[in-house]
Every structure is written in C-alpha cells, then in structure tokens.
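# Structural description and commentary
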Amino acid sequence: MNCITIRDLCIEYTNLTEEDIKILESMALQIPNTAEMTGTDIFIDAPLKDGVDAVVLAWASPKNRSLYRHSVVGELALAASEPAVYQTLETGETCRDVRGVSQEGIPIAQTVVAIRNPADSVIGTLIMERDISDELRQEEQVEFLTQTAERLSNTLMHLSMTGSQFENWVGNGIFVLNKYSKITYVNKKAAKIYQDFKGFAALGQDFLFGMFNCSTLNELLDTLQNPAEFCILDKSYLFEAYPLVTYGDLSGCVISFRDITDLREKERELSAKSTVIREIHHRVKNNLQNVAALLRLQMRRSDLDIVKAEFSASVNRIISIAMVHDVFACQNCDSVDLKELSQRILSALLESSMSPEQSIKAHITGQNLHLPSIKAVPLALVINELLTNSFKHGIRLLDKGIITLDIIEIKGQIHLTVRDNGPDPEVPFDKVKQRRLGLQIVDSLVGEQLDGEFRMERIEGMTVVTVSFPNSSEGQL
C-alpha cells in the first residue's frame, strides 16, 4: 500500500490531521520488515469519523506465510467484529492474546497497540496477528510469543515516534529466549552463527551456556545492558539484550547482534594512517627546529644588532610553525586548540624576548576554540607576529610591561585581541603597518588565508591590535 492511498483513505474516512496522517504513513513504511521478522500479519487501522468503527489503512505479511489470501486494505473494521481494535481506540490500552479465527478459519492470536501522536492522542492501532494452531497445544509458549509480539510492536512504536532507524535493528541477528534461557526463536542470521559456532541447531538450546558463560538470565541482561563486543570465530559482533516482561515478571529476553568486523578493520586502518600522519608531523617539527638551530648559529657569527634581530624574527616564525606540527604530532584529531597554541608561542617569546631587568605580565584569556589544520599555520604566524610586535615595539623600553591576548567567538566570528601598555607610536597606525615587516605579514595572512580583517588602535592608554575572521571549522574538520 503506498503513502498516497493511505492519505486518500484518511481524508475520506477519518478526521485525522495532516501531522497524524504523516505519522501513519511513516509507520506503514516500516511494518513490512517487522512482519517478516516476527512472522505475523500486521495491520494499521484508523478510527472513522463516527468514532466507533475503523478503516484498514495498511497491511504487511511475511513472505508465503500470510493468514490472508486477499488484501483487506480499505475495508471497514466494525466494532462488533473487531472488539479489540475498538477497545484500544477507545481506551488507548494494549489488548493482548485476543484469540479468534481468521477469514480462512485459522486460529489466530491478535495483539493491538495504540498509535499515538506527539500530543498523546490515539490516532490509530497497530495490529499483529499470528497463527497459533500449534501453540494452542502449548499454552505457556502461546503466552510467551504473544508477549514477544507486544514487545516488538512497542519497540516499533517507540522507534517510529522518535525517528530512529528501525531497519538497522531489523538487519541484526535475533535470538529470543524464554524465562528458562532456552532459545525459542532465531532468525536466519542468528541460526547460522549458532550453527557455525556450536555445530548444532539453536532452537531449544540453553543460550547462557551455549554463547555466554552466565548462570542466570538476569546476569546475562546485566552483561548486555549496554552494547558489548564479543569475538566469535575470528569475527567481531556487538550484542545487546532487551528484557521481556509479562505482568511485571521477567519472562525472557531478545538478544540482538550485528557483525562489526569490517568496522573494526577500518578503525585499525585509520589508526595506522593516523600514526603515520603524526610521525610526519613529528619529523616536520624536528626539521623546522633544525633549521631554526642553523639560523641561530649563523646569527651568532654576526656582530650587527640589526642582523641579529632579523635572524631572531625568522627563528621565532619557524618555531611558531614547528609548534603547530608539534601539536598535531601529539594528538589524533586534525585540529588545534587556539588557546593552547597561543600559550605555547607566548611562552617561547617570553623566554627569548624578555630582558632580565624587565617585569612583564603576559597571559592568554578567552575561549578554547578548535580550528582545522588548514588554518593552524597562518594563525601561528599571525599570533607570533602580534606578540613579537608587542615585545619589540610596545614594551621594549618599559620596566613593567603588560601583554594580553584574548580569544573570543561572537556569532561565528573569531576575534584575537592583543593589548600592551607600550607608548603611543610616533607615526599613525596605517604607516606603522607599512613600515614593519611583521605587521605586513599579518595583514597578508589575515586577508588572503583567513578571509578576515586586521586593525590597530589606541584605547585607554593601551595599544590594541585585533584580528577577526570567520570560524569555518565545522565545514573543514
């Protein structure tokens, strides 16, 4: 039955709203899988405008095992002939183990569950009908299977209303156990696993000692209350358990499992690749540190202060880039904590730029923001140049200097603000930018690689340099 037919039936026969119709259409798409898994005929009925009778909106049946020869979709379910449906529509309560006879004279057990909308109003019923010809001779088994059907119905209801992917669960292997831990039902996937593992058929066997060394059903449920991974015949499986309760007592459980061997193999491959990438970052960092060491050696061979200053600036830039690769060499993710990176650069500059006579208070404030690797290198250079500018031109001649770097994100824009208590520059800020190589580097990197803005100003006796750029980390991580 397709969705448009369900909609036509609802419009013609019911008072359901558009949202209610969408809920029923969504559930109708899922019942074929449930019918095949449970071996039952499943119907969705909706109340008529008279509030008493119902109309059949959808029907699904297991292949070659249906109780019906012809479709009953579109037919009316009168309250007199379908009392369980009427009762559930009227009260919202589940009707269990309602026995009757199908149109072909087959004894059936019917379970009816209310379908509710987000406002908790009953908008229809989910009906499961099972052939109980054999079970009639085994009353205890009839009770258990009925409760199993109810549990599966409620599971379908819950997953449908919460938007979960029920198909993922249906594709799993399924064991159904009674209260004595005996296997009373297996689907094909579960039957094959058990046969391969134990060498004989699963039905009727004690699951506790066949698959897991647990002494009681409660112990098994405790073990599998959260998904648990087990290795069977060199393959990895994830097992979960769902208790079945009858009249407040534990009557059995459903064991669901799925093969995650391919997933674990891919995880191992990713881990190996991650290790290689971290090793590459480590080697790049070492190479950059070697370059910095060579530049320091060359710097010491010069007696000119201006040459030494240029060498020192180049060394600091190289070390800033090396710090980025050091971060990536020590972690698994392809992102960098901006605050942590800034703190590393500041510590290195304090060590190399502060004279023994000075007292400098320097600190990083603000948020811990993670940015993708593609932005890490230009940001490291920008932070190095901004802080170097404060050390070299701001507080260089002060006995007591103050430098702060604040990091904050506002409406998707990241703002880096460096403040120092150095004196007013002798020339306007636009000319300062043109004269200093470090600030030219900042202006170029911010505009071309970060797609941001860079400005300098004087506020309350402090030189304030701000870099602003969009945070596009979510799209690039």
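Structure shown above.
Here we summarise the structure given alongside this text.

Rules used in this analysis
Residues numbered from 1 in each chain as written. Predicted model: local features only at pLDDT ≥ 70, side-chain atom pairs only at ≥ 80, totals over all residues. Heavy atoms only, no water. Pairing = 2+ DSSP bridges. Helix = DSSP H or I, 4+ residues; strand = E, 2+ residues; numbered from the N terminus. Salt bridge = Lys/Arg side-chain N within 4 Å of Asp/Glu carboxyl O. Buried < 20%, exposed > 50% of the residue type's maximum accessible area, 1.4 Å probe, protein only. Core = buried A, V, L, I, M, F, W, Y, C linked by side-chain atoms within 4.5 Å. Contact = heavy atoms within 4.5 Å. Phe/Tyr/Trp six-rings, centres within 6.5 Å; stacked < 30°, edge-to-face > 60°.

## Some remarks on the pairing of strand β15 (residues 400-410)
Direction of pairing for strand β13 (residues 359-366) relative to β15: parallel, over a ladder of eight bridges. Within the sheet, the bridge partner assigned to I360 lies in β15 and is G401. Across eight bridges, β15 lies against strand β16 (residues 413-420) in antiparallel orientation. Paired with T404 across the bridge in β16 is R419. Between the end of β15 and the start of β16, which pair antiparallel, lie two residues, with K411 showing a positive phi angle near 50°.

## Some remarks on the environment of K188
Within the secondary structure, K188 is located in helix α6 (residues 188-198). Spatially, the C-alpha atoms of K188 and N172 are 9.9 Å apart, while their sequence positions differ by 16 residues.

## Considering the pattern of salt bridges
If you walk through the whole model with that rule in mind, you get eight salt bridges. Put simply, R7 and E18 hold a salt bridge, and the shortest N to O gap is 2.7 Å. Of this pair, R7 sits in helix α1 (residues 3-13) while E18 sits in helix α2 (residues 18-38), and the two are eleven residues apart along the sequence. Note on E18: relative accessible area 40%, which makes it partly exposed. A salt bridge links R344 to E340, with the shortest nitrogen-to-oxygen separation between them at 3.5 Å. In this pair, R344 and E340 are both assigned in helix α11 (residues 338-353), four residues apart and thus about one turn of the helix distant. Each of R7, E18 and E25 takes part in salt bridges that share partners, so that together they form one network.

## Description of the sheet that holds strand β2 (residues 54-60)
Here six strands make up an open sheet; going across it, the order is β3-β2-β1-β6-β5-β4 and the pairing antiparallel. On the outer flanks of this sheet lie β3 (76-77) and β4 (95-101), each paired with one strand and no other. Direction of pairing for strand β5 (residues 107-116) relative to strand β6 (residues 122-131): antiparallel, over a ladder of nine bridges. The residue of β6 that forms the bridge with Q110 is E129.

## Regarding the nonpolar core
Judged by nonpolar contacts, the single largest core of 45 residues is most densely connected at L416, F454 and V467. Per-element accounting of this core gives the leading share, nine residues, to helix α12 (residues 373-394). Setting aside residues up to four positions removed in sequence, L416 forms contacts with L338, L379, I383, L405, D406, I407, V465, T466, V467 and F469. By size, the runner-up hydrophobic cluster in this structure holds 24 residues, among which are Y194, L220, I232 and F257.

## Digging into the packing of aromatic side chains
All chains considered together, the criterion is met by ten aromatic pairs. Where F230 meets F239, the ring centres are 5.9 Å apart and the plane angle is 80°; that geometry is what we call edge-to-face. By relative accessible area, F239 is classed as buried at 0%. In this structure an aromatic cluster arises from ring pairing among F175, Y194, F200, F207, F230, Y237, F239 and F257.

## Some remarks on unusual backbone geometry
The residue D451 is not glycine, and still its phi comes out positive at about 55°. Inspection of the secondary structure assignment puts D451 in the loop between α14 (437-448) and β17 (453-459). Look at D451 and you get exposed, because its relative accessible area is 59%. A positive phi angle is found at E460, which is not glycine, with a value near 50°. Take E460: it is sitting in the loop between β17 and β18 (462-470). For E460, a relative accessible area of 80% gives the class exposed.

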